[in-house]
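A structural walkthrough
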Amino acid sequence: MLETAEHPAAAGMDAESFEAFLDQLRRFIRDRLIPAEEEVFELDRVPDALVDDMRDMGLFALTTPEEFGGANLSVSQYIRTVREMGKPAPAFRALMSINTGMFTTALMKGGTADQQREWLSRSAAGEVACFGLTEPDSGSDSAALKTRAIREGSDYVLNGTKRYITNAPSAKIGLIMARTNAEPLPRNAHISAFLIDMNAPGVSIGRPDKKMGQSGAQIADIILEDVRVPAAALLGEEEGKGFLAAMQALDSGRLSVGAAALGLAERALETGLRYAMERKAFGEPIAQFQLIQAMLADSRAEIYAAECMMLDACARAETRGRISLEASAFKMFSTEMCGRVVDRVVQIHGGAGYLAEYEAERLFRDARIYRIYEGTTQIQQLVIARQMIRDFVAGA
Ligand code: COS
């Protein structure tokens, strides 16, 4: 949840309990999640028993207010948690992070009290959530989406297709953006957000897409054919607020992706360092060679820079309103940094880095999407530069 100052219980969990939770999570990751990675890759999904364990750990309820069954973590606490979840196979984080990130943020900022009570409680209880913004003909240009929601009496009827939707195959609840007026202008004005039960008649899910990496994190199309929902499903019970809800949710999502990329980079560097210490060439561990050390050192310094950005962006989110610039800057830097780190780790491995048998190869593939989803690096540049221009014009 962003802008916690708006929320009465903004302080999050007390520091001691949070550190204890983080220790427990690190053990859970080490003892349960990492050993299950191969199984996740084979099944291409997270096994049910592990999903249950994740629910028991409260991982779907991290950011939900206590009154709806959540832990009410502060932004910093939540994002530090995501960083840890960035270390095991990405499938685990993908499964819980829509609930704790975009879904919860959109509801907290734009939902009515009744909507918050129903949907945040379901989310916190571990009903997997999805977020339907992207479509076959609109990715970066979110405002161009075509899915329609037409008012019929006290209902809305939705038709359209959503694409690349994380968790679509397992989701029980969804926040789906649709156009409530066919008028294309003003560009963002007619986009609304709907809370959907994914078992509703007319909702069907495409076959999970085959991807370059992040095995086990499923994405698929959502096809909406005459899906009838009550007017109470309209987020905030007000038309035209969907674009804002999506953009606000993306600010939160971008902090989360940046943190996940940081976690993955840290794991990759550990892998690279271990290999460099064990692998010998010319009679000594390759870690003793200065050119290998340069790759290790550059990676370590960049990880440190991303960590500092993360902590600063979170601190600002806790004391200030909109942090689109910082969220985009952190997401851009951290995901690009992660790309460089995994590339160096493959290089440190030499020929072994190209083999599927070694972890470096998987980490290299898994990292690639972070520079693309929840806004490409180029979209982050746009967000940053536009904010700079706005501030300049406003004389800030
Ligand atoms: N918080 C609050 N308000 C926001 C906002 C945010 N994070 N982002 C945009 N807005 C507001 C703007 O201030 C603007 O308000 P006014 O009309 O009052 O000035 C309005 O929303 C429209 O914003 P903008 O003009 O920037 O919209 P554009 O259609 O030009 O699109 C981009 C902006 C390209 C940045 C946006 O569409 C985007 O982020 N695209 C990428 C989407 C994405 O990340 N997709 C990945 C998958 S989604 S899971």
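Just so we're clear, the structure is a prediction, and the values are computed from it rather than from any experiment. (Residues numbered from 1 in each chain as written. Predicted model: local features only at pLDDT ≥ 70, side-chain atom pairs only at ≥ 80, totals over all residues. Heavy atoms only, no water.)

1. Quick notes on the overall build of the protein
- Scanning the protein from terminus to terminus reveals 11 helices and 9 strands.
- Relative to its length of 396 residues, the protein is compact, with a C-alpha radius of gyration of 21 Å against a globular reference of 21 Å.
- For the protein, the C-alpha atoms occupy an extent of roughly 80 × 55 × 45 Å along the three principal directions.
- The long-range share in the protein, meaning contacts at least 24 apart out of those at least 6 apart in sequence, stands at 76%.
- Accessible surface for the protein amounts to roughly 17400 Å². Of this, 53% is attributable to carbon and sulfur atoms.
- Treating the 44 positive side-chain charges of the protein as one cloud and the 55 negative ones as another, the clouds have centres 4 Å apart. (Helix = DSSP H or I, 4+ residues; strand = E, 2+ residues; numbered from the N terminus. Rg over C-alpha atoms; globule rule 2.2 N^0.38 Å. Contact = heavy atoms within 4.5 Å. Areas by Shrake-Rupley, 256 points an atom, 1.4 Å probe, with all protein chains shown as cover. Lys, Arg positive; Asp, Glu negative; His and termini not counted. Charge placed at Lys NZ, Arg CZ, Asp CG, Glu CD.)

2. Concerning the domain arrangement of the protein
- Parsing the protein into structural domains produces domain 1 (8-127), domain 2 (131-240) and domain 3 (244-395).
- The gap between the C-alpha centroids of domain 1 and domain 2 is 23 Å.
- When domain 1 packs against domain 2, close to 1900 Å² is buried across both sides, 65% of that on carbon and sulfur atoms.
- Inspection of the domain 1/domain 2 interface yields 1 salt bridge.
- Its salt-bridge partner being Asp-197, residue Arg-122 comes within 3.1 Å of it at the nearest N-O pair.
- The tally of links from domain 1 across to domain 2 stands at 9 residue pairs in polar contact (both at pLDDT 80 or more).
- Within the residue set of the side of domain 1 that touches domain 2, elements represented by two or more residues are helix H2 (37-43), helix H5 (90-110) and helix H6 (113-124).
- In terms of residue count, the dominant contributor to the side of domain 1 that touches domain 2 is H5 (10 residues).
- Residues of the side of domain 1 that touches domain 2, tallied by class, amount to 13 nonpolar, 5 polar and 4 charged. (Domains from an automatic or database assignment. Buried area = accessible area lost by both parts, 1.4 Å probe. Salt bridge = Lys/Arg side-chain N within 4 Å of Asp/Glu carboxyl O. Polar contact = N/O pair within 3.5 Å; in protein donor to acceptor, adjacent residues only side chain to side chain. Nonpolar A, V, L, I, M, F, W, Y, C, P; charged D, E, K, R; others polar.)

3. Some remarks on helix H1 (residues 15-33)
- The terminal C-alpha atoms of H1 lie 25 Å apart, and with 19 residues this matches the ideal 27 Å at 1.5 Å per residue to within 8%.
- Looking at H1, one finds that the buried residues are Phe-18, Phe-21, Leu-22, Leu-25, Phe-28, Ile-29 and Leu-33. The buried residues of H1 occupy an angular sector of 120° when the element is viewed end-on, so they sit on one face. Pointing more than 90 degrees away from the buried face of H1 are the exposed residues Glu-16 and Arg-30.
- Looking at the buried side of H1, the elements it contacts are H2, helix H3 (48-56), helix H4 (75-85) and H5. (Expected span 1.5 Å × (residues − 1). Buried < 20%, exposed > 50% of the residue type's maximum accessible area, 1.4 Å probe, protein only. Arc of directions from axis to C-beta.)

4. Structural notes on the environment of Gln-293
- With respect to the helices and strands, the residue Gln-293 is situated in helix H8 (residues 290-319).
- With relative accessibility at 33%, the residue Gln-293 sits in the partly exposed group.
- Sequence-wise, Gln-293 and Ala-276 are 17 residues apart; in three dimensions their C-alpha atoms are separated by 9.1 Å.
- Apart from residues lying up to four places away in sequence, Gln-293 is in contact with Ala-287 and Gln-288.

5. A few points about the pattern of salt bridges
- All told, the structure shown has 33 salt bridges when counted by the stated rule.
- Glu-326 is paired through a salt bridge with Arg-320; the nearest N and O atoms lie 3.1 Å apart.
- Here Glu-326 falls in the buried class, since its relative accessible area comes to 14%.
- Assessed through its relative accessible area of 35%, Arg-320 is described here as partly exposed.

6. Topic: unusual backbone geometry
- Cis geometry is adopted by the peptide bond preceding Pro-186, which originates at Leu-185 and carries an omega value of -15°.
- Structurally, Pro-186 can be placed in the loop between strand S4 (173-179) and strand S5 (191-197).
- At Tyr-164, a position not held by glycine, the phi torsion is positive, near 55°.
- Tracing the backbone shows Tyr-164 in strand S3 (residues 155-166).
- Its identity is not glycine, yet Glu-374 carries a phi of approximately 55°, on the positive side.
- By secondary structure assignment, the location of Glu-374 is in the loop between helix H10 (359-367) and helix H11 (377-393).

7. Let's talk about the environment of Ser-121
- Mapped onto the secondary structure, Ser-121 falls in helix H6.
- Between the alpha carbons of Ser-121 and Tyr-156 there is a distance of 23 Å; along the sequence they are 35 residues apart.
- The contacts of Ser-121, once residues within four sequence positions are left out, are Phe-68 and Gln-116.
- Of the polar contacts made by the side chain of Ser-121, one reaches the backbone oxygen of Arg-117; its length is 2.4 Å.

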